[in-house]
Amino acid sequence: DAKTTQPNSMESNEEEPVHLPCNHSTISGTDYIHWYRQLPSQGPEYVIHGLTSNVNNRMASLAIAEDRKSSTLILHRATLRDAAVYYCILRDTTSGTYKYIFGTGTRLKVLA
Amino acid sequence: DAGVIQSPRHEVTEMGQEVTLRCKPISGHDYLFWYRQTMMRGLELLIYFNNNVPIDDSGMPEDRFSAKMPNASFSTLKIQPSEPRDSAVYFCASTHTTDFITGELFFGEGSRLTVL
């Protein structure tokens, strides 16, 4: 499985945008990029996913580099409730596997 | 829908005892996953099922761990005998084949196991 690299932690001020980076230099052409987050004392929850194009949903935006070797999760206005560990995951859809391999993620701290 | 339901939420037991963790997936979901989370190793996939059949159990740490899915609405993860190093939060997750591309897993709230 291709691996991802994320910073261990980041801080942001409330109401400001947050850019969470993820490097995945060994990504293959069929790997989808997924983001999950884990709030304190809860299970992970899905945030967003993409393949090549940038994606937007109600929770966040995903910006994917043209060479796909990196991506950035964008929270447009961070709130205190966004404080969580954010995981960037690569998933190969051609093999039919559902093996999501979670890395160590980025712990986001939001300052009031 | 009630979401993925796990029980117990907390379990404290002594080394050598048998532990059984339970999971009820979201109705209609045909994939079920068991994960373990520790500070040292993060989130690890232990095993997953499709239509009640184990597909990949390569993450199961050793023979002391076993998982079953007798029907579409129930799964168990059993540890026998338990050891202190098994202390962790165990998560169950489910999804449906139609979400294959989306890949959205729905996680339960976890079962926190402490083995003394």
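Above this text sits the structure in question.
This write-up is about the structure you can find in this document. In this text, all values refer to a predicted model and were calculated from it rather than measured experimentally.

Here we look at the sheet that holds strand 4 (residues 45–50) of chain A
Residues and elements named next belong to chain A.
Here is step 1 of the chain: Spatial strand order, 1-9-8-3-4: 5 strands in an open sheet with mixed pairing. Looking at which strands have only one partner, the edges of the open sheet turn out to be strand 1 (9–13) and strand 4. Pairs of neighbouring strands in the sheet enclose a mean axial angle of 25°, with direction left out of account.
Here is step 2 of the chain: As paired elements, strand 3 (residues 31–38) and strand 4 share 5 bridges and run antiparallel to each other. Looking across to strand 4, one finds that Arg-37 is bridged to Glu-45.

Details of the sheet that holds strand 2 (residues 18–23) of chain A
Residue and element names in this part refer to chain A.
Here is step 1 of the chain: If you walk across this open sheet you meet the 4 strands as 2-7-6-5, and the pairing is antiparallel. Both outer strands of the open sheet, strand 2 and strand 5 (55–56), are each paired with one neighbouring strand and no more.
Here is step 2 of the chain: With 2 bridges joining them, strand 5 and strand 6 (residues 61–64) adopt antiparallel strand pairing. Each bridged residue has a counterpart across the sheet, and for Asn-56 the counterpart in strand 6 is Ser-61.

As for the layout of surface pockets
All names here are of chain B.
Here is step 1 of the chain: The space that makes up the largest pocket amounts to roughly 760 Å³.
Here is step 2 of the chain: With 4 residues, the top contributor of residues to the lining of the largest pocket is strand 11 (residues 111–115).
Here is step 3 of the chain: Split into classes, the residues belonging to the lining of the largest pocket amount to 10 nonpolar, 16 polar and 4 charged.

Things to note about the state of the cysteines
Residue and element names in this part refer to chain B.
Here is step 1 of the chain: Counted under the stated rule, the structure contains 2 disulfides over all chains.
Here is step 2 of the chain: The disulfide partner of Cys-23 is Cys-92, and the S-S distance across this bridge is 1.8 Å. One disulfide, between Cys-23 and Cys-92, carries an S-S torsion of -70° and so falls in the left-handed class. In this pair, Cys-23 is assigned in strand 3 (residues 19–24) and Cys-92 in strand 9 (residues 88–95), connecting sequence segments 69 residues apart. The same class applies to Cys-23 and to Cys-92, which are both buried.

Quick look at the pattern of salt bridges
It is possible for side chains of opposite charge to pair when their charged atoms get near one another.
Residues and elements named next belong to chain B.
Here is step 1 of the chain: The final tally for this structure, using the stated rule, is 12 salt bridges over all chains.
Here is step 2 of the chain: For Glu-83, the salt bridge goes to Arg-64, with nearest N and O atoms at 3.5 Å. Residue Glu-83 is found in the loop between strand 8 (74–79) and strand 9, and its partner Arg-64 is found in the loop between strand 6 (53–56) and strand 7 (65–71); the two are separated by 19 residues along the sequence.
Here is step 3 of the chain: When its relative accessible area of 24% is taken as the criterion, Glu-83 is described as partly exposed.
Here is step 4 of the chain: As a salt-bridge pair, Arg-64 and Asp-86 come within 2.6 Å of each other at their nearest N and O atoms. Here Arg-64, found in the loop between strand 6 and strand 7, pairs with Asp-86, found in the loop between strand 8 and strand 9; they are 22 residues apart in sequence, far enough to count as distant. Of the two residues examined, Arg-64 and Asp-86, each falls in the buried class.
Here is step 5 of the chain: When salt bridges that share partners are traced, they join Glu-62, Arg-64, Glu-83, Arg-85 and Asp-86 into one network.

Section: the packing of aromatic side chains
Residue and element names in this part refer to chain A.
Here is step 1 of the chain: Taken as a whole, this structure holds 11 aromatic pairs over all chains when the rule is applied.
Here is step 2 of the chain: Geometrically, the ring pair formed by Tyr-36 and Phe-102 is edge-to-face, given 5.7 Å between the ring centres and 70° between the ring planes. Residue Tyr-36 is located in strand 3, and its partner Phe-102 is located in the loop between strand 8 (84–92) and strand 9 (106–111); the two are separated by 66 residues in the primary sequence.

A closer look at the interface of chain B and chain A
Here is step 1 of the chain: Counting residues at the interface gives 23 residues for chain B, matched by 19 residues for chain A.
Here is step 2 of the chain: Between chain B and chain A, a total of about 1,800 Å² is buried, with carbon and sulfur atoms accounting for 58% of that surface.
Here is step 3 of the chain: Linking chain B with chain A are 3 residue pairs in polar contact (both at pLDDT 80 or more), by the criterion used here.
Here is step 4 of the chain: Listed by contribution, the elements that provide at least two residues to the side of chain B that touches chain A are strand 4 (31–38), strand 5 (42–50) and strand 9 of chain B.
Here is step 5 of the chain: Ranked by the residues each element gives to the side of chain B that touches chain A, the list is headed by strand 4 of chain B, at 4 residues.
Here is step 6 of the chain: Here the residues of the side of chain B that touches chain A are counted per class, giving 11 nonpolar, 8 polar and 4 charged.

The rules behind these values
Residues numbered from 1 in each chain as written. Chains lettered and ligands numbered in written order. Predicted model: local features only at pLDDT ≥ 70, side-chain atom pairs only at ≥ 80, totals over all residues. Heavy atoms only, no water. Pairing = 2+ DSSP bridges. Helix = DSSP H or I, 4+ residues; strand = E, 2+ residues; numbered from the N terminus. Axes fitted to C-alpha atoms, helices over the stretch in contact; angles between N-to-C directions. 1 Å grid on protein atoms, 1.4 Å probe; cavity = no way out; pocket = protein on both sides within 12 Å on 5 of 7 lines; lining within 4 Å. Points joined across faces, edges and corners; volume = space filled by probe spheres on them. Nonpolar A, V, L, I, M, F, W, Y, C, P; charged D, E, K, R; others polar. Disulfide = S-S within 2.5 Å. Buried < 20%, exposed > 50% of the residue type's maximum accessible area, 1.4 Å probe, protein only. Salt bridge = Lys/Arg side-chain N within 4 Å of Asp/Glu carboxyl O. Phe/Tyr/Trp six-rings, centres within 6.5 Å; stacked < 30°, edge-to-face > 60°. Contact = heavy atoms within 4.5 Å. Buried area = accessible area lost by both parts, 1.4 Å probe. Polar contact = N/O pair within 3.5 Å; in protein donor to acceptor, adjacent residues only side chain to side chain.

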